[in-house]
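# Remarks on the overall topology
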Amino acid sequence: MSSPAFPPEVENLVDLRSDTVTRPTPEMYEAMANAPVGDDVLGDDPTVIQLEELAAHMTGKEASLFVPSGTMGNQIALACHCQPGDAILIEEEAHILYYEVGAPALLAGVVSWTLPSNRGAMDPDHVERRILKANLHTPGTTLICLENTHNRAGGAIIPLEYMEAYRAKADSHGVKVHLDGARVFNAAIALGVSLQDITDNVDSVNFCLSKGLRSPIGSMLCGDAAFIEKARIWRKRLGGGMRQAGILAACGIVSLTKMVDRLAEDHARAKRLAVALQGQPGISVDLDTVETNMVLVNTVAPAGDWQAWLQQEGVLCFPVGSNRLRLVFHGDISDEATDRAIEAFKEVASQNCDQLHAIAGLETK
Ligand code: TLP
């Protein structure tokens with residue numbers, strides 16, 4: 001079975017807005033067509049059960065829950081680990097805070113204590129100093145939230161020794177650790193370690209099937225059996241119970257069995273583009289920060305201008321700051337598409353040379 005064709009104007013775009021834009025592979029369409037299904041809210045969808053067992057096994061946790069989105073997985077984790085009024089410790093640009101529309105305050109009802117970081121990695125000693133004991137005046141800290149890889153830090157990997165240090169600090173204060181591991185497989189592949197080397201350091205982890213692993217929908221929340229039992233109730237409460245969800249879980253199984261190793265290709269293409277953009281006028285890329293499938297490009301002109309110029313050349317991306325673009329590599333970006341993106345940057349730079357020099361305060365040649 002092949003994937004349905006897309007209109008040429010869509011097919012020809014190099015879409016680097018996110019790794020969420022990937023379309024299901026032919027094998028996923030095949031798996032969807034053939035998936036045995038039941039009613040997952042009633043607990044009898046065999047394909048969902050198979051996916052949940054697989055995710056639990058891969059993360060080294062007792063159980064897992066198939067949820068519609070990474071956002072829901074993260075927010076359920078907070079609600080299960082914390083009581084309203086508790087404090088969580090979280091990096092100041094974490095997705096849970098930056099892109100989940102205030103949900104920690106609304107759903108779990110927690111106070112978020114934010115900490116700065118070096119490219120997503122908070123200083124473990126700093127984390128420890130911020131752990132509060134509940135008393136008449138202060139909320140008690142019950143959870144440390146981590147993000148690996150870190151989205152706003154451009155796919156940065158949290159070093160393994162930091163993960164171990166957070167675990168040790170949390171244990172010594174009786175605090176739990178949740179990992180927003182939307183792209184944790186990217187971290188494991190880039191570090192050349194097993195997924196469990198990372199997830200052994202956390203009580204719960206949420207990872208996305210719908211990003212580099214190419215599923216159309218879904219995330220897996222993993223943890224111990226009692227946590228997942230509570231999570232199942234929260235999923236229902238939030239309206240995230242899905243019925244013949246085996247149709248989607250079938251894609252998730254393809255993701256976990258066939259799509260993990262290929263993440264290395266996305267990393268290699270991201271690096272290749274970053275290298276090719278070195279020395280281009282009007283932009284800069286710090287090569288050392290390209291660790292996985294994202295490239296942050298600093299622009300002298302407003303990032304919104306660059307976004308529009310690149311779009312005219314058939315390349316889509318998002319600004320993530322007034323002078324910063326984010327480019328995300330994924331399974332629908334081939335070597336040829338990478339070359340087209342590089343050419344588009346060069347074309348924009350040459351077309352806008354005068355303007356770029358003027359903004360940079362340089363003499364126009
Ligand atoms: N990230 C999306 C946008 O929401 C920004 C993207 O394009 O990168 N955790 C992390 C670290 C994420 O990057 C995302 C999605 C999520 C959670 C949420 O996943 P979904 O979109 O499935 O709710």
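Residues numbered from 1 in each chain as written. Predicted model: local features only at pLDDT ≥ 70, side-chain atom pairs only at ≥ 80, totals over all residues. Heavy atoms only, no water.

### Here's the deal with the packing of aromatic side chains
Here the structure, examined in full by the defined rule, presents five aromatic pairs. Among the aromatic side chains, those forming a connected cluster through ring pairs are Trp306, Trp309 and Phe345. One residue, arginine 152, lies across the ring of tyrosine 98, its end atom 3.9 Å from the ring centre. The cationic tip of arginine 237 hangs over the ring face of tryptophan 234; the distance from NZ or CZ to the ring centre is 4.6 Å. (Phe/Tyr/Trp six-rings, centres within 6.5 Å; stacked < 30°, edge-to-face > 60°. Lys NZ or Arg CZ within 6 Å of the ring centre and 35° of its normal.)

### Here we look at the site of the ligand
Around the ligand, 15 residues are found, and the nearest of them are Ser18, Gly70, Thr71, Asn151 and Asp180. In the model, an oxygen atom of the ligand is placed 2.9 Å from a nitrogen or oxygen of the arginine 183 side chain. Contact between the ligand and arginine 326: an oxygen atom at 2.9 Å from a side-chain N or O atom of the residue. In isolation the ligand exposes 510 Å². Once the protein is present, 82% of that is buried. Judged by the proximity of its atoms to the pocket grid, the ligand belongs to the largest pocket. For the shell around the ligand, the leading source of residues is helix α4 (residues 70-81), giving three residues. Partitioned by chemical class, the residues of the shell around the ligand number two nonpolar, seven polar and six charged. (Near = heavy atom within 4 Å. Polar contact = N/O pair within 3.5 Å; in protein donor to acceptor, adjacent residues only side chain to side chain. Areas by Shrake-Rupley, 256 points an atom, 1.4 Å probe, with all protein chains shown as cover. 1 Å grid on protein atoms, 1.4 Å probe; cavity = no way out; pocket = protein on both sides within 12 Å on 5 of 7 lines; lining within 4 Å. Sits in = over half its atoms within 2 Å of the grid points. Helix = DSSP H or I, 4+ residues; strand = E, 2+ residues; numbered from the N terminus. Nonpolar A, V, L, I, M, F, W, Y, C, P; charged D, E, K, R; others polar.)

### A short note on a nonpolar patch on the surface
On the surface, a cluster of nonpolar side chains totalling about 260 Å² of accessible area is made up of Leu106, Leu107 and Leu238. Within the fold, leucine 106 resides in helix α6 (residues 103-108). Residue leucine 106 is classed as exposed on the basis of its relative accessible area, which comes to 70%. (Patch = residues over 30% accessible without salt bridge, like charges linked within 9 Å, V, L, I, M, F, W, Y side chains within 5 Å. Salt bridge = Lys/Arg side-chain N within 4 Å of Asp/Glu carboxyl O. Buried < 20%, exposed > 50% of the residue type's maximum accessible area, 1.4 Å probe, protein only.)

### Structural notes on the nonpolar core
Nonpolar side chains in soluble globular proteins tend to be buried together. Counting 50 residues, the largest nonpolar core has Phe66, Ile144, Leu146, Phe185 and Phe207 as its most contacted members. Beyond its immediate stretch of four places on either side in the chain, phenylalanine 185 contacts Met58, Leu195, Phe207, Leu213, Leu256, Val260 and Leu263. Within the second largest apolar cluster, 29 residues are counted, among which are Val14, Leu327, Phe329 and Ile333. (Core = buried A, V, L, I, M, F, W, Y, C linked by side-chain atoms within 4.5 Å. Contact = heavy atoms within 4.5 Å.)

### Notes on helix α2 (residues 26-34)
In an α-helix, one turn spans 3.6 residues; hence positions three or four apart end up facing the same way. When we look at burial in α2, the residues that qualify are Met28, Ala31 and Met32. For α2, the arc enclosing every buried residue in end-on projection is 100°, short of the 170-degree limit, so these residues lie on one face. Opposite the packed face of α2, turned more than 90 degrees from it, sit the exposed residues Ala33 and Asn34. Elements that come into contact with the buried residues of α2 comprise α12 (246-258). (Arc of directions from axis to C-beta.)

### Let's talk about the domain arrangement of the protein
According to the domain assignment, the protein consists of domain 1 (8-20 + 261-360) and domain 2 (26-258). Residue-level contacts link 18 residues of domain 1 with 21 residues of domain 2. In this assembly, domain 1 packs against domain 2 so that about 1,700 Å² is buried in total across both faces, 49% of it on carbon and sulfur atoms. One can count three salt bridges joining domain 1 with domain 2. Between glutamate 291 and arginine 119 there is a salt bridge, with the nearest N and O atoms lying 2.6 Å from each other. Residue assignment for the side of domain 1 that touches domain 2 shows that the elements contributing at least two residues are α13 (263-276) and β10 (294-299). Looking at the side of domain 1 that touches domain 2 element by element, the count peaks at three residues for α13. (Domains from an automatic or database assignment. Buried area = accessible area lost by both parts, 1.4 Å probe.)

### Let's talk about the layout of surface pockets
Within this model, the largest pocket holds a volume of roughly 380 Å³. For the largest pocket, the lining is made up of 26 residues, of which Thr20, His95, Asn151, Arg183 and Lys211 are closest to its centre. Secondary-structure elements contributing two or more residues to the lining of the largest pocket are α4 and β12 (318-321). Of the residues belonging to the lining of the largest pocket, the class tally is eight nonpolar, 11 polar and seven charged. Summarising the domain contributions, the lining of the largest pocket has at least three residues from each of domain 1 (8-20 + 261-360) and domain 2 (26-258). (Points joined across faces, edges and corners; volume = space filled by probe spheres on them.)

### Concerning the pattern of salt bridges
All chains considered together, the criterion is met by 18 salt bridges. For arginine 152, the salt bridge goes to glutamate 93, with nearest N and O atoms at 2.7 Å. Here glutamate 93 lies in the loop between β3 (87-91) and α5 (95-98) and arginine 152 lies in the loop between β5 (141-147) and α8 (160-173), a separation of 59 residues in the sequence. Among the residues examined, arginine 152 registers a relative accessible area of 18% and is labelled buried. Of the charged contacts, one joins arginine 269 and aspartate 335 as a salt bridge, the two residues approaching to 2.8 Å between their closest N and O atoms.

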